[in-house]
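# Results of the structural survey
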Amino acid sequence: MDTFSLLLDGLAVAAQPMNLLFALIGVVLGTAVGVMPGIGPALTVALLLPVSLSFGATGSMIMFAGIYYGGMYGGAISSILLNTPGETASIMTAVEGNRMARDGRGGKALAASAIGSFFGGTVATFGLALVAPFMVMVALSFGPAEYFALMVLSFMTVSAAFGGSVARGLTALFLGLAIGLVGIDKLTGQARLAFGVPELRDNISIAVIAVGLFAIGETLYIASQKFDVNEKVEAVKGSVWLTWQDLKRCIKPYLRGTILGFGFGPLPTGGAEIPTFLSYSAERKLAKGVAREEFDNGKGAIEGVAGPESANNASAAGTLIPLLTLGLPTSATAAIMLAGFQQYGLQPGPLLFTNNPDLVWGLVASLFIANFMLLILNLPFVGIWVKLLMIPRPWLYAGILTFATLGIVGAEGSVFSLILLLIFGLIGFVMRRFGYPLAPVLVGAILGPLAEEQLRRGLMINRGDWTFLFNSPIALTIYAIAIAAVLGPVIWRALAPKGANTAFAMDGD
Amino acid sequence: MASETREVGESRPPHEPGTPDFGGLAIAIGLAAMAALIWWDASSYPVRRSYAQFGPEIFPFLVAAGLAVFAVATVFLAVRRRFPPREEMTYPPVIWVAGAVLAEIAILTFGLGFILASGTLFGFAARGMGRKPLWLTVIVGILFSAVLYILFRLGLGLSLPTGPVERTLVGLFR
């Protein structure tokens, strides 16, 4: 069947009232957490992981994707009005966006970002629908050697691209791999690292790891810092409607941003940081006339908001390509979404497209709907989101902690899982304090057991001969990309201007 | 410790050895201990013969070796002070928040139910983040948790630990 008819079928799935409701819940939650600095889509999806078990696979994946997209929209609001990016993906938006807000053009900045997010998200979702079937065809020919190579690629790139140092990224990865070992070995039934504790014999749930590292760890980290009371929320000034003149200035940045975002999204470079940065610097370089003057005099140029905002939403769509077709997460949120699939016994990859076309195409179609919902939520109702920034921190973080433990207690049903949760929270806290990225831990814990299975299956077919790993040209190509991906960020950091480096010290959502 | 970090970091280039970062060294020790534990555990598996020639121990050995390598790398990071500068730590809020989770664990172990446990967690956490007095935050937490209990237990059918409070509450709804 061709993509178009599959997409129409998907639209029928996505338009079911329950799924529309899940999409709406997703985008509302996503925007809300996107607005609030410190909590992002990765944490939110992790929190909902245990609770979502009663929603069904399609419903919860639609909701998770809505949260991912919504987070990208919402992040712009706090960037522009507060000069504190809600997400790492919105760091570049804060530069020109906040200047525009101080110049009394906050409304225009918000509109440019909402329309840009819509444009980037929608175009890139089309791209996703077109590219995914080809990826599936390629992936169908993969054997254990290629899959193992892909996982190595994922390990390398996730560790190298997130966080400030390759060594810390890889340390985090190995910590994740170690956590993934705990439990009964699938192939032989051997209990590993269980130490006679019955709860440890059946693997540590990904929800406990994710919620512990992100929710508990983040709360502890925020608690350890002195509260900065000097944050100033700019009031929304000026019309949120763009004139034809404004829109004309935005069109080219939208196009360039979308191409950059969609191009970098599927690459395992760790989310939206690189494309948004490239988009911003491209707009700055290409600016002429009024825009040139606004960039140079610090008044805030609309192009600097339009480009990065379309880039970050386009990258969110791009990220879904390797996630759905190969089962490879390239951002923290994607890694937790992968855990969401696994929770339903589904393994993303080419087989998902043949076995569960309803789910895959329903999810893709729902992304279009989610984008429309977000455009409406973000243009006329922007004032409501700003109010979220006023929630006092004690109540906010106490609430997050309550939700975190509610989900774990409800899904796992044991006090032991709460003890594990606290341990992972403390690990996450120490890691945040010492500048370790968290995403590689998750990717290691999720993909580690899968990589081990491929490795041992390959060894079994080849009677213990390790060389099978390096006999396939596809696998060798993938290893080459993996090496380039590790060296790439090192070179990138050396070349990038000083300010850009801070973006890499944070976690990628 | 943190103020020391900044002085050394600023006045000297990163290559020159100064006082090592003791926090970083502790992490290195933790990683090494973990590697040893995994190695020891994997060595205890019974030997099996199979076509693969490698059993369940092969991946743990690889992981343990990797952890050991990065334990050594971490020692270098710590000695050369390559960790990003840390803000000075304010302990009381961290202890309150960690204590909040411990309190929930304790209350659940005594079988007092979700609402009291979760309410105490909420109260301790809010207190830790600077909201006083404690009795107020705990009461707010218990009310909030009661609403969540009704929503998730009766609405979504999530099974949450039941104690005396929950039994009374469910009784009211019947």
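In what follows, the structure referred to is the one given above.
Within any chain, residue numbers begin from 1 and follow the written order of that chain's sequence. The order in which chains are written sets their letters, starting at A; the order in which ligands are written sets their numbers, starting at 1. Selection of residues for local features in this predicted model requires a pLDDT of at least 70, selection of side-chain atom pairs for listing and counting requires 80 or more, and totals for whole chains, interfaces and linings are taken over all residues. Hydrogen atoms and water are omitted, and side-chain values are computed over all heavy atoms in the structure.

Another point: the overall build of chain B. The way it works is that DSSP assigns letters per residue, a run of H or I at least four long becomes a helix, a run of E at least two long becomes a strand, and they are numbered from the N terminus. Counting its regular elements, chain B contains seven helices and zero strands. Mapped from its N terminus to its C terminus, chain B presents α and β elements in the order α-α-α-α-α-α-α. Relative accessible area decides the class of each residue, using a 1.4 Å probe on protein chains only: under 20% of the type maximum gives buried, over 50% gives exposed, and in between gives partly exposed. Residues counted as buried form 43% of the 174 residues belonging to chain B. For chain B, the proportion of contacts with a sequence separation of at least 24, taken over those separated by at least 6, is 58%. Here a residue-residue contact requires only that any non-hydrogen atoms of the pair lie within 4.5 Å.

Core analysis: the biggest nonpolar cluster contains 212 residues, and A:Phe64, A:Ile209, A:Phe214, A:Ile336, A:Met337 and B:Val63 have the highest contact counts within it. It is helix 4 (residues 57-82) of chain A that contributes the most residues to this core, 15 residues altogether. Of the residues that make up this core, three or more belong to each of domain 1 (2-79) and domain 2 (91-173) of chain B. If near-sequence neighbours (up to four positions away) are discounted, A:Ile336 is found in contact with A:Ala42, A:Val45, A:Ala46, A:Leu49, A:Ala210, A:Phe214 and A:Leu442. Residues A:Met92, A:Phe277, A:Ala287 and A:Ala301 belong to the second largest nonpolar core, which totals eight residues. We define the nonpolar core as a collection of buried residues of types Ala, Val, Leu, Ile, Met, Phe, Trp, Tyr and Cys that are connected through side-chain atoms lying within 4.5 Å of one another. An automatic or database domain assignment provides the domain bounds reported here.

What follows deals with the interface of chain B and chain A. Taken residue by residue, the interface counts 67 residues in chain B and 57 residues in chain A. Two parts lose some accessible area (1.4 Å probe) when they are put together, and adding that loss for both gives the buried area. The contact between chain B and chain A buries some 5,700 Å² in all, and 78% of this surface belongs to carbon and sulfur atoms. Here a polar contact is recorded for every N or O atom pair within 3.5 Å, except that within protein the pair must consist of a potential hydrogen donor and a potential acceptor, and residues adjacent in sequence are included only if both atoms are side-chain atoms. Summed over the shared surface of chain B and chain A, the result is five residue pairs in polar contact (both at pLDDT 80 or more). Elements with a contribution of two residues or more to the side of chain B that touches chain A: helix 2 (22-43), helix 3 (58-79), helix 4 (91-109), helix 5 (114-128) and helix 6 (134-155) of chain B. All residues other than Ala, Val, Leu, Ile, Met, Phe, Trp, Tyr, Cys, Pro, Asp, Glu, Lys and Arg, Gly among them, are scored as polar; the first ten of these are nonpolar and the last four charged. Considered class by class, the residues forming the side of chain B that touches chain A number 45 nonpolar, 13 polar and nine charged.

As a further point, take the packing of aromatic side chains. Centre distance within 6.5 Å is the pairing criterion for rings of Phe, Tyr and Trp, where only the six-membered ring of Trp is used; planes under 30 degrees apart are then read as stacked, over 60 as edge-to-face, and the remainder as tilted. As enumerated under the stated definition, the model contains 16 aromatic pairs over all chains in all. Between the aromatic rings of A:Phe119 and A:Tyr254, the centroid separation amounts to 5.8 Å while the plane-to-plane angle is 25°, which identifies the pairing as stacked. In this pair, A:Phe119 sits in helix 6 (residues 106-140) while A:Tyr254 sits in helix 11 (residues 244-264), placing the two residues 135 residues apart along the sequence. Taken together, a centroid distance of 5.4 Å and an interplanar angle of 80° make the contact between B:Trp96 and B:Phe124 edge-to-face. Taken as a pair, B:Trp96 in helix 4 and B:Phe124 in helix 5 lie far apart in primary sequence, 28 residues in all. Given a relative accessible area of 26%, B:Trp96 falls into the partly exposed group. An aromatic cluster is built from A:Trp395, B:Phe122 and B:Phe144, whose rings are joined through pairwise contacts.

Here we come to unusual backbone geometry. Glycine aside, the phi torsion of most residues is negative, and most peptide linkages are trans. A cis geometry characterises the amide bond from B:Lys132 onward to B:Pro133, with omega recorded as -10°. Of note, B:Pro133 is situated in the loop between helix 5 and helix 6. Phi at A:Leu193 is positive, roughly 50°, even though this residue is not glycine. Locating A:Leu193 in the fold gives a position in the loop between strand 2 (191-192) and helix 9 (198-201). We classify A:Leu193 as buried; its relative accessible area is 7%. One non-glycine residue, B:Arg81, lies in the positive phi region at around 55°. For B:Arg81, the position within the fold is in the loop between helix 3 and helix 4.

What follows concerns helix 20 (residues 415-433) of chain A. One less than the residue count of a helix, multiplied by 1.5 Å, gives the span that helix is expected to have. With 19 residues, helix 20 of chain A ought to run about 27 Å at 1.5 Å a step, and its terminal C-alpha atoms sit 27 Å apart, in line with that. Those residues of helix 20 of chain A lying buried are A:Ser417, A:Leu418, A:Leu420, A:Leu421, A:Leu422, A:Phe424, A:Gly425, A:Gly428, A:Phe429, A:Met431 and A:Arg433. Where helix 20 of chain A is buried, its residues touch helix 8 (166-181), helix 10 (206-224), helix 19 (393-412) and helix 21 (439-461) of chain A together with helix 4 of chain B. Where helix 20 of chain A ends, the next residue or the one after it, A:Gly435, has phi of about 75°, a positive value.

A few words on helix 2 of chain B. Helix length check: helix 2 of chain B, at 22 residues, gives a terminal C-alpha distance of 31 Å against a target of 32 Å (1.5 Å per residue), a fit within 8%. Packed against the buried residues of helix 2 of chain B are helix 8, strand 2 and helix 20 of chain A together with helix 3 of chain B. Where helix 2 of chain B begins, the capping side chain belongs to B:Asp21, and its oxygen is found 3.2 Å from the backbone nitrogen of B:Gly23.

To obtain each axis, a line is fitted to C-alpha atoms, and for helices this fit is confined to the stretch in contact; angles are then taken between N-to-C directions over 0 to 180 degrees. Where helix 20 of chain A contacts helix 4 of chain B, the axes come no closer than 9 Å and their chain directions differ by 170°. Judged on the interaxial angle alone, helix 4 of chain B and helix 20 of chain A are roughly antiparallel. Here A:Val415, A:Leu418, A:Ile419, A:Leu422 and A:Phe429 of helix 20 of chain A come into contact with helix 4 of chain B, specifically with B:Val94, B:Ala98, B:Val101, B:Leu102, B:Glu104, B:Ile105, B:Leu108 and B:Thr109. Here the residues of the contact of helix 20 of chain A with helix 4 of chain B are counted per class, giving 11 nonpolar, one polar and one charged. Throughout, the term roughly parallel applies to angles under 35 degrees, roughly antiparallel to angles over 145, roughly perpendicular to angles from 65 to 115, and oblique to all others.

With that settled, consider the pattern of salt bridges. Proximity of charged atoms lets side chains of opposite charge pair with each other. Salt bridge, as used here, is a side-chain nitrogen of Lys or Arg placed within 4 Å of a carboxyl oxygen of Asp or Glu. Here the structure, examined in full by the defined rule, presents 12 salt bridges over all chains. Its salt-bridge partner being A:Glu453, residue A:Lys186 comes within 3.3 Å of it at the nearest N-O pair. Taken as a pair, A:Lys186 in the loop between strand 1 (183-184) and strand 2 and A:Glu453 in helix 21 lie far apart in primary sequence, 267 residues in all. Note that B:Asp21 is salt-bridged to B:Arg86, the shortest N-O span being 3.0 Å. Taken together, the residues span a long stretch of sequence, with B:Asp21 in the loop between helix 1 (2-11) and helix 2 and B:Arg86 in the loop between helix 3 and helix 4 at a distance of 65 residues. By relative accessible area, B:Asp21 is classed as buried at 3%. Relative accessible area serves as the criterion here: at 5%, B:Arg86 is assigned to the buried category. One network of salt bridges, with partners in common, ties together A:Asp185, A:Arg192, A:Glu452 and A:Arg456.

Bringing the packing of helix 4 of chain A against helix 15 (residues 332-343) of chain A into the picture now. All names here are of chain A. Running from amino to carboxyl end, helix 4 crosses helix 15 at an angle of 175°, the nearest separation of the two axes being 11 Å. The angle between helix 4 and helix 15 falls in the class roughly antiparallel. Where helix 4 abuts helix 15, its residues Met-61, Phe-64, Ala-65 and Tyr-68 lie against Thr-333, Met-337, Gly-340 and Phe-341. Partitioned by chemical class, the residues of the contact of helix 4 with helix 15 number six nonpolar, two polar and no charged.

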